[in-house]
Amino acid sequence: MAKHAVMNAKNSSYTYADAGVSIDTGNALIKAIAPLAKATARPGATSELGGFGGFFDPKAAGYKDPLLVAANDGVGTKLKLAIEHDRHDSVGIDLVAMCVNDLIVQGAEPLFFLDYFATGKLENGVATRVVAGIAEGCKQAGCALIGGETAEMPGMYGEGDYDLAGFCVGAVERGEQLTGDAVAPGDVLIGLASSGVHSNGYSLVRRLAADKGWKLDRPSLFDQDRLLIDALIEPTRIYVASLLPLIREGLIHGLAHITGGGLLENLPRILPEGAHAAVDADLWDQPRLMAFLQAQGHIEPAEMARTFNCGVGMVLAVAERDVAAITERLEAAGETVCHVGVIREGERGCTVRGSKGTWSATEEWEATHLG
């Protein structure tokens, strides 16, 4: 009987569900997220979810001779914090932010976004929360969520784990793109405040949390009104709406999104030959979260400058004569603005310096990156 039963099982009819993939669950997810995507509709976006691709009409968006600009990114190990502490609602904002902030620095308006969500076993409650965050990010950035891919792959991910990737396409009228060529010695560097760690440096954050035994579900040492996990998971700020009008008026010479590599390594990316970014860390207050991370890890100031955004998520290079007007408009748009440095003549690169006491330094310090 036992042998017969084995033979029966061996010859039984297999289904995709037997292998761990539920088509019905995937279809239910599409129905759940369709209204979220529809809420991001904008001129030019015409397609419904569920097709083989999404259409976008640049002419309907108001463009006459556009250059298309594409960006893609992920959220990195910040996802592990979200998964381990049930904070799935905002990582979608991070995903959008990392892409659209990379488009705006090239002068491009984000037009449409697609996401990739991969997991071992699809949990619609979690996936819907993640996509709701993506839709919210798209609304903040003014771009349409026109499609994506949900991949259920048993055996590829641990229980409860998932991964995200985002893909965004933007447009800029020919001749209006920001390439950095307009940046010149004498320009002033203006910083826009970050909302926290953003989406870079979390491998170090998580290493510190493990090694130091942080209690993430308790109030943080630097803000007793907020749980440490909520401070760490704060979504990346999206700067598109604040910057787009200034870009279109030709008031910005260059923009740098401060991501992995920090101020030190991202500013040289927008500089022409013969221009050097001189950043003075004395000019703004280090956020308490950054001071906490630095103290916990005994991190040297130079390492902070190449690892974290240090409170500055976006840097503008502008003409000195325009600083006051630009600052006023950015503050009216809800940004916290600070002066972070200047462009000088010199080898293409960036130097970040600070006085004794700045970023907890025991003496004057500086760090330089050329390239």
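Everything below is about the structure shown above.
Just so you know, these numbers come straight off a predicted model, no measurement behind them. Sequence order as written defines residue numbering, which begins from 1 separately in each chain. Since the coordinates come from a predicted model, pLDDT governs what is reported: local features require at least 70, and pairs of side-chain atoms require 80 or more to be given and counted, while whole-chain, interface and lining totals use all residues. By convention in this description, side-chain values take in all heavy atoms of the structure and omit both hydrogens and water.

Asks: Would you explain the packing of aromatic side chains in this entry?
Replies: Aromatic ring pairs are described here by two measures, namely the spacing of the ring centres and the angle between the planes. Stacked, tilted and edge-to-face are the three classes assigned to paired rings of Phe, Tyr and Trp, where Trp is represented by its six-membered ring and a pair needs centres within 6.5 Å; plane angles under 30 degrees give stacked, over 60 edge-to-face, the rest tilted. Going through the model one piece at a time under the given rule, you end up with 6 aromatic pairs. For the pair F222 and F292, a centre-to-centre distance of 5.3 Å together with 50° between the ring planes defines the contact as tilted. Linking F222 in the loop between β6 (219-220) and β7 (223-227) with F292 in helix α10 (residues 288-297), this pair joins segments that are 70 residues apart in sequence. A relative accessible area of 15% places F222 in the buried class. Per-residue accessibility, obtained with a 1.4 Å probe over protein chains only, is compared with the maximum for each type, and a residue is labelled buried under 20%, exposed over 50%, and partly exposed between these values. The exposure class assigned to F292 is buried, which follows from its relative accessible area of 9%. Pairwise contacts between aromatic rings join W214, F222 and F292 into one cluster. Secondary structure counts use DSSP, requiring at least four H or I residues in a row for a helix and at least two E residues in a row for a strand, with both numbered from the N terminus.

Asks: Can you walk me through the side chain of K78 in this structure?
Replies: Tracing the backbone through its elements, the reader meets K78 in helix α3 (residues 78-84). Relative accessible area serves as the criterion here: at 0%, K78 is assigned to the buried category. Identification of polar contacts relies on pairs of N or O atoms within 3.5 Å, with a donor-acceptor requirement for protein atoms, meaning one able to donate a hydrogen and the other able to accept it, and with residues adjacent in sequence counted only if both atoms are side-chain atoms. Here D94 takes part through its side chain, which lies 2.9 Å from a polar atom of the side chain of K78.

Asks: Is there a simple way to explain unusual backbone geometry in this structure?
Replies: Most of the time, phi is negative for any residue but glycine, and the peptide bond is trans. Here H298, not a glycine, exhibits a phi torsion of approximately 50°, which is positive. Its place among the elements puts H298 in the loop between α10 and α11 (301-307). We classify H298 as exposed; its relative accessible area is 66%. In this structure, C310 takes a positive phi of about 55° despite not being glycine. Mapped onto the elements, C310 comes out in the loop between α11 and β10 (312-318). The class of C310 is buried, set by a relative accessible area of 1%.

Asks: Even after reading the chapter, I still don't get the sheet that holds β10, so can you show me in this structure?
Replies: Adjacent strands of a sheet pair through backbone hydrogen bonds, lying either parallel or antiparallel. Taking strand neighbours across the sheet as the criterion, the 7 strands line up as β8-β10-β5-β11-β9-β12-β13 in an open arrangement whose pairing is mixed. The open sheet has two free edges, formed respectively by β8 (254-257) and β13 (365-370), since each of these has just one partner strand. Neighbouring strand axes in the sheet, compared pairwise and without regard to direction, differ in orientation by 20° on average. Should DSSP find at least two bridges between two strands, the strands are regarded as paired. Where strand β5 (residues 188-193) and β10 come together, 6 bridges link them in antiparallel fashion. Pairing of L189 across the sheet is with A317, part of β10. Contact between two residues is taken to exist if any of their heavy atoms lie within 4.5 Å; hydrogens are not considered. Angular values range over 0 to 180 degrees, each being the angle between N-to-C directions of two axes fitted as lines to C-alpha atoms, with helices fitted over their stretch in contact. The sheet strands contacting helix α12 (residues 323-332) are β5, β10 and β11 (337-345), and the helix crosses β5 at an angle near 10°.

Asks: Sorry if this is basic, but what is going on with the packing of helix α4 (residues 91-104) against helix α8 (residues 240-248) here?
Replies: For the pair α4 and α8, the least separation of the axes is 10 Å and the interaxial angle reads 10°. Overall, the two elements α4 and α8 adopt an arrangement that is roughly parallel. Facing α4, whose interface residues are V100, N101 and I104, α8 presents V240, L243, L244 and I247. Only Asp, Glu, Lys and Arg are considered charged in this grouping, and only Ala, Val, Leu, Ile, Met, Phe, Trp, Tyr, Cys and Pro are considered nonpolar; every other residue, Gly among them, is considered polar. Of the residues in the contact of α4 with α8, the class split is 6 nonpolar, 1 polar and no charged. Roughly parallel means an angle under 35 degrees; roughly antiparallel, over 145; roughly perpendicular, 65 to 115; everything else is oblique.

Asks: Whenever I open this one, helix α2 (residues 23-38) confuses me. Can you help?
Replies: Turn by turn, an α-helix covers 3.6 residues, leaving residues three or four places apart pointing in a common direction. When the terminal C-alpha atoms of α2 are compared, their 23 Å separation across 16 residues agrees well with the 22 Å that a helix rising 1.5 Å per residue should span. Among the residues of α2, L29, I33 and A37 are the ones counted as buried. Contacts made by the buried residues of α2 are with α5 (124-141) and β3 (144-152). Each helix should span, by expectation, one fewer than its residue count multiplied by 1.5 Å.

Asks: Teacher, can you tell me more about the pattern of salt bridges here?
Replies: Opposite charge on two side chains permits them to pair, given that their charged atoms come into close proximity. One speaks of a salt bridge when a side-chain nitrogen belonging to Lys or Arg is within 4 Å of a carboxyl oxygen belonging to Asp or Glu. Throughout the structure, instances matching the rule amount to 16 salt bridges. Here D89 makes a salt bridge to R129, at a shortest N to O gap of 2.8 Å. With D89 in the loop between α3 and α4 and R129 in helix α5, this residue pair connects regions lying 40 residues apart in the sequence. For D211, the salt bridge identified is with R207, shortest N-O distance 2.8 Å. On the criterion of helical spacing, the pair formed by D211 and R207 is a turn pair, its members being 4 residues apart in helix α6 (residues 202-212). Residue classification places D211 among the exposed positions, given a relative accessible area of 53%. Its relative accessible area of 54% is what places R207 among the exposed residues.

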